[in-house]
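Residue-level listing of the chains:
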Amino acid sequence: MKAPAVRALACVTTALFGAVTPAHAQNLLVKGGRVWTETGEALEKADVLVADGKIAAIGADLTAPDGTRVLDAAGKWVLPGFIDARSHLGLARGELDETVTPLATDTEVLDALWAEREEVRRATPSGVTSLLLSPGDANPIAGPCAVVKLGHHTILKRDATLNIVLSASALIYDRRPTSMPGLLDMVRQALSGARDKPVGDGALVKVVRGEMPVTMTCDGISDVERAVQLAAEFHARASIVTREALDELVDVLPGTGVSAICPPLGATPAERFLRAPGRLAAKGVKLAFSSMAPTTDECDLRTSAALAAAAGLPHDAALRALTCDAAGILGVGDRVGSLQTGKDADLVIVAGDPLDIAAPIECVIIDGDIAYQREGT
Amino acid sequence: MRAPAVRILGAALLVTLACACEARTDGLIAVKAGRVITMRGLPIDGATVLIQDGKIKQIGPGAAVPDKATVIDAGDSVVMPGLVDANARFGTRGDPNEESDELTPTFHVAGAIDRDSPALKRAVQLGVTTLRIAPGTADVIAGTGVIIKSAAAGLSGTVVRDGGELQIVMGDEPTYGNDIPWYRRPDSFYFRQPTTRMGIVWLLRKAFFDTKTALQAGTPLDARLAGIAAALQGKTPLYVMLRTAVDIETTFTIADEFGLGRLVLVECTEGYKLAATIARRRIPVILGPCYQYPRTWPEASQGWDVNWNNAGLLAKAGVKLAIASNDPDSPANLLTWAALAARAGLPADEALKAVTINPAEIIGVADRVGSLGPGKDADLLVLSGDPLRPTTMIQKVIVNGRIAFDALSGASADG
């Protein structure tokens with residue numbers, strides 16, 4: 001019964017391997033860049049001062065204390081680090097689902113993580129600084145997802161969202177449930193149990209109290225409609241992940257308050273899928289991008305955003321989806337996703353327009369430390 | 001931070017308004033036809049069906065057509081109500097059974113509806129506008145079906161009624177797959193009853209007995225027992241999927257034991273053998289599929305005696321009957337099946353009733369569909385001629401006052 005105390009501790013930023021977050025090498029001053037803020041305004045020739053892993057100040061001609069390392073960002077874009085709204089990066093292959101328990105509310109996705117994997121190291125240059133680690137899709141309730149950071153591999157939020165799967169992938173031969181109605185029955189009973197007779201503060205209880213958003217994996221549009229109904233029934237904050245019905249979400253999500261998490265668009269090149277984010281944003285649906293990595297071996301969120309922008313998603317909406325909107329959907333907007341004083345110093349410096357995929361990422365700063373710097377800069 | 005959000009909201013509002021305006025064209029439609037078959041009284045020649053906001057406003061030779069109405073001049077064509085399929089087994093995705101249990105009274109097949117299903121789109125083209133999707137046949141107590149429109153916007157617009165009946169299976173299908181786990185893990189849930197029809201009947205009898213006992217003792221019923229109790233007390237009809245005469249007789253035995261008053265027989269291939277009994281008990285029958293030849297289906301260990309005039313003999317005895325598709329994953333050409341039944345001996349007017357008003361009455365939606373009249377849903381077919389003539393073409397299918405299929409323009413439910 002030590003678990004809650006351990007968990008409470010873990011909610012504070014801690015390193016995954018028990019080591020304390022390293023002391024920040026030095027303060028940073030990102031100087032003279034085009035600083036993008038989530039209001040859509042870009043501050044020209046602005047400075048960002050980073051101290052102790054947080055953003056200390058943003059403005060023109062900031063003075064930095066002695067010993068501050070200065071990064072020249074003149075002519076470059078400075079943005080919040082990108083947030084991947086669904087990823088399996090670094091998780092043990094083939095061990096993402098504890099399929100013997102279809103309602104896997106208590107398994108801990110972080111226990112499947114080996115943060116020293118090559119793929120995790122390779123992910124940093126993509127500009128992604130935070131990501132939602134999700135278990136697989138083989139259980140109706142696949143389990144809590146955690147938001148972790150690259151760089152020092154810290155846990156930003158344990159139990160950030162709950163992954164609920166309304167998809168054929170959660171129906172397994174000779175295991176309950178075998179059918180979508182059976183699946184819905186199980187999930188509904190679990191949620192109503194947590195609502196009517198709450199015990200402790202498990203994931204389901206947090207969901208029905210509105211403290212924990214749900215990410216819902218769906219196949220077709222009818223699954224999406226059922227997911228939206230389910231979310232409304234239990235007043236859960238929800239977002240939908242679907243590959244197949246991405247283009248049809250625009251008929252269902254507007255007005256429901258449910259957000260959309262786009263799969264990697266590089267892997268779904270059909271024009272109707274590429275246009276979907278733009279159509280959703282036009283109707284006020286909040287968006288985030290996801291890599292589903294390493295399933296698709298595609299860590300580059302920026303490419304998805306650029307493809308969506310080329311197909312009609314407004315420039316600012318695409319950048320918001322990469323940053324603050326993703327943070328909002330995952331419930332970590334108080335810490336990351338925007339450049340504001342006091343927020344985590346997760347920054348990306350891009351040589352040009354971030355949605356111009358030819359513009360290289362120059363530097364990635366996570367928790368105030370340089371996690372990646374392009375060679376020759 | 002606020003301003004862009006407001007702007008997005010504003011944009012969304014404008015788009016919504018624009019869509020709403022577009023939908024207005026559905027508002028008032030006049031369909032002029034050579035003949036209108038209402039299924040209530042005699043056909044009306046040279047009549048106009050006036051549709052407003054998805055409902056029928058008026059029908060008649062003298063129906064006034066307002067200037068702003070969109071006129072569909074169907075010329076000499078015949079207009080009839082959209083077809084009602086009382087036992088469909090398509091329009092879903094994935095397993096339509098919860099195989100982990102033989103008794104699934106809380107199973108709502110509604111949870112498996114797939115509005116994108118190609119079979120549903122084909123059903124529209126075959127003239128089916130309302131269908132009751134039945135749960136699958138793998139479980140003894142299969143659960144409840146769902147009544148939907150074949151072409152409507154959104155899931156909530158599609159569903160007419162979720163549940164309201166309990167379906168059980170008396171054929172041998174629930175036995176398939178159950179056995180001693182020679183090769184499966186020992187706790188496989190397929191290691192269970194029934195493996196024979198004796199087992200099926202035993203499970204049914206036990207389920208009803210347990211429910212009756214609980215009702216008499218006044219113990220609180222869980223959701224499972226409550227579903228069975230509703231059928232036991234006659235609050236909801238009990239649909240029984242069966243084929244052979246012996247299954248029909250067994251059903252009656254159990255019905256008499258437990259006082260089951262509201263039965264509906266589904267498939268009922270050998271119903272003609274007990275037509276008089278079924279009629280006397282006032283039990284409606286939903287027939288179909290209508291293409292099976294005797295003793296050729298490999299799964300049917302016993303086989304069954306097909307009589308092509310099953311429908312005619314049942315109708316002659318006075319049984320209310322419907323003809324339904326009842327075919328896994330596939331819609332049926334119900335008008336052709338009705339014509340085949342008519343050729344085998346069912347009177348033509350009864351054959352038409354069997355795909356329109358009768359199924360609507362049996363599944364309890366006759367107040368909305370199955371016939372044409374003021375206040376009814378504007379679900380209608382425009383046909384090139386007599387509905388039961390094999391060369392007759394389905395020209396247009398209108399669902400909720402919207403053209404869902406137009407054979408002449410090539411537009412379909414897909415849009």
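Let me sum up the structure you'll find in this document. (Residues numbered from 1 in each chain as written. Chains lettered and ligands numbered in written order. Predicted model: local features only at pLDDT ≥ 70, side-chain atom pairs only at ≥ 80, totals over all residues. Heavy atoms only, no water.)

## A look at the overall build of chain B
And step 1. From N to C terminus, chain B includes 11 helices and 20 strands.
And step 2. Burial analysis of chain B (415 residues in total) assigns 57% to the buried set.
And step 3. Long-range pairs, those at least 24 residues apart, make up 65% of the contacts in chain B with a sequence separation of at least 6.
And step 4. Put simply, chain B shows about 17600 Å² of open surface, and 56% of that area lies on carbon and sulfur atoms. (Helix = DSSP H or I, 4+ residues; strand = E, 2+ residues; numbered from the N terminus. Buried < 20%, exposed > 50% of the residue type's maximum accessible area, 1.4 Å probe, protein only. Contact = heavy atoms within 4.5 Å. Areas by Shrake-Rupley, 256 points an atom, 1.4 Å probe, with all protein chains shown as cover.)

## Concerning a nonpolar patch on the surface
And step 1. Taken together, the side chains of A:Tyr173, B:Ile180, B:Trp182, B:Tyr183 and B:Phe191 present a nonpolar region at the surface, about 730 Å² in accessible area.
And step 2. When you line up the elements, B:Trp182 lands in the loop between β13 (166-169) and α4 (197-217).
And step 3. In this structure B:Trp182 comes out as exposed when scored by relative accessible area, which is 73%. (Patch = residues over 30% accessible without salt bridge, like charges linked within 9 Å, V, L, I, M, F, W, Y side chains within 5 Å. Salt bridge = Lys/Arg side-chain N within 4 Å of Asp/Glu carboxyl O.)

## Considering the packing of α4(B) against helix α5 (residues 223-232) of chain B
Residue and element names in this part refer to chain B.
And step 1. Packing of α4 against α5 brings their axes to within 9 Å, and their N-to-C directions diverge by 90 degrees. What the angle tells us is that α4 and α5 run roughly perpendicular. In this structure, α4 uses Ala207, Phe208, Thr211, Lys212, Ala214 and Leu215 to contact α5, whose residues at the interface are Leu225, Ile228, Ala229 and Leu232.
And step 2. By residue class, the composition of the contact of α4 with α5 is 8 nonpolar, 1 polar and 1 charged. (Axes fitted to C-alpha atoms, helices over the stretch in contact; angles between N-to-C directions. Parallel < 35°, antiparallel > 145°, perpendicular 65-115°, else oblique. Nonpolar A, V, L, I, M, F, W, Y, C, P; charged D, E, K, R; others polar.)

## Quick look at the pattern of salt bridges
And step 1. Taken as a whole and judged by the stated rule, the model has 43 salt bridges over all chains.
And step 2. Among the salt bridges present, the one from B:Arg115 reaches A:Glu225, with a minimum N-O distance of 2.8 Å. One end of the pair, B:Arg115, is in the loop between β8 (83-88) and α2 (118-125); the other, A:Glu225, is in helix α5 (residues 221-233), on a second chain.
And step 3. Its relative accessible area of 7% is what places A:Glu225 among the buried residues.

## Some thoughts on the interface of chain B and chain A
And step 1. With 31 residues of chain B at the contact, the number on the chain A side is 30 residues.
And step 2. For the pairing of chain B and chain A, the buried interface totals around 2200 Å² over both sides, and the portion due to carbon and sulfur atoms is 48%.
And step 3. The interface formed by chain B and chain A contains 3 salt bridges.
And step 4. Across the contact surface, chain B and chain A share 17 residue pairs in polar contact (both at pLDDT 80 or more).
And step 5. Among the secondary structure elements, those contributing two or more residues to the side of chain B that touches chain A are α1 (2-23) and α3 (154-158) of chain B.
And step 6. Per element, the largest residue contribution to the side of chain B that touches chain A is 6 residues, and it comes from α1(B).
And step 7. For the side of chain B that touches chain A, the class distribution of residues is 15 nonpolar, 7 polar and 9 charged. (Buried area = accessible area lost by both parts, 1.4 Å probe. Polar contact = N/O pair within 3.5 Å; in protein donor to acceptor, adjacent residues only side chain to side chain.)

## Considering the environment of B:Lys32
All names here are of chain B.
And step 1. Here Lys32 shows up in strand β1 (residues 28-32).
And step 2. Considered as a pair, Lys32 and Ala74 are 42 residues apart in the sequence and their alpha carbons are 5.5 Å apart.
And step 3. Lys32 has contacts with Ala47, Thr48, Val65, Val71, Ile72, Asp73, Ala74 and Gly75, leaving out every residue within four places of it along the chain.

## Let's talk about the side chain of A:Asn163
All names here are of chain A.
And step 1. Mapped onto the elements, Asn163 comes out in strand β9 (residues 155-166).
And step 2. Residue Asn163 is classed as buried on the basis of its relative accessible area of 0%.
And step 3. Looking at Asn163, its side chain comes within polar contact range of the main-chain oxygen of Gly136, at 3.4 Å.
And step 4. Those residues within four positions of Asn163 in sequence are excluded, and the remaining contacts are Arg86, Ser134, Pro135, Gly136, Asp137, Pro140, Ile141, Ala142, Gly143, Cys145, Thr215 and Thr217.

## A closer look at the pairing of strand β7 (residues 128-133) of chain A
Residues and elements named next belong to chain A.
And step 1. Here β7 lies mainly inside the structure; 6 of its 6 residues are buried.
And step 2. Bridging between strand β6 (residues 82-87) and β7 involves 4 bridges; their strand directions are parallel. Of the residues in β7, the one forming a bridge with Ser87 is Leu133.
And step 3. Once you follow β6 into helix α2 (residues 118-123) and on to β7, the crossover reads as right-handed.
And step 4. Relative to strand β8 (residues 141-149), β7 is paired through 4 bridges, and the arrangement is antiparallel. Bridge pairing in β8 places Leu132 opposite Val147. (Pairing = 2+ DSSP bridges. Right-handed = clockwise from strand over helix to strand, strands pointing away.)

## Structural notes on helix α6 (residues 245-258) of chain B
All names here are of chain B.
And step 1. Between the first and last C-alpha of α6 there are 20 Å, a value that for 14 residues agrees with the 20 Å anticipated at 1.5 Å per step.
And step 2. Restricting attention to buried positions, one finds in α6 the residues Ala245, Asp247, Ile248, Thr250, Thr251, Phe252, Ile254, Ala255 and Phe258.
And step 3. Within two residues after α6, Gly259 carries a phi angle of roughly 65 degrees, on the positive side. (Expected span 1.5 Å × (residues − 1).)

## Quick notes on the sheet that holds β1(B)
Residues and elements named next belong to chain B.
And step 1. Pairing within the open sheet is mixed, and its 4 strands lie in the order β5-β4-β1-β6. Here the strands that pair on one side only, and so sit at the sheet edges, are β5 (55-60) and β6 (70-73). Along the sheet, successive strands turn relative to each other by an average axial angle of 20 degrees, direction set aside.
And step 2. Strand direction decides the pairing type here: β1 and β6, joined by 4 bridges, are parallel. Considered in β6, the bridge of Lys32 is made with Asp73.

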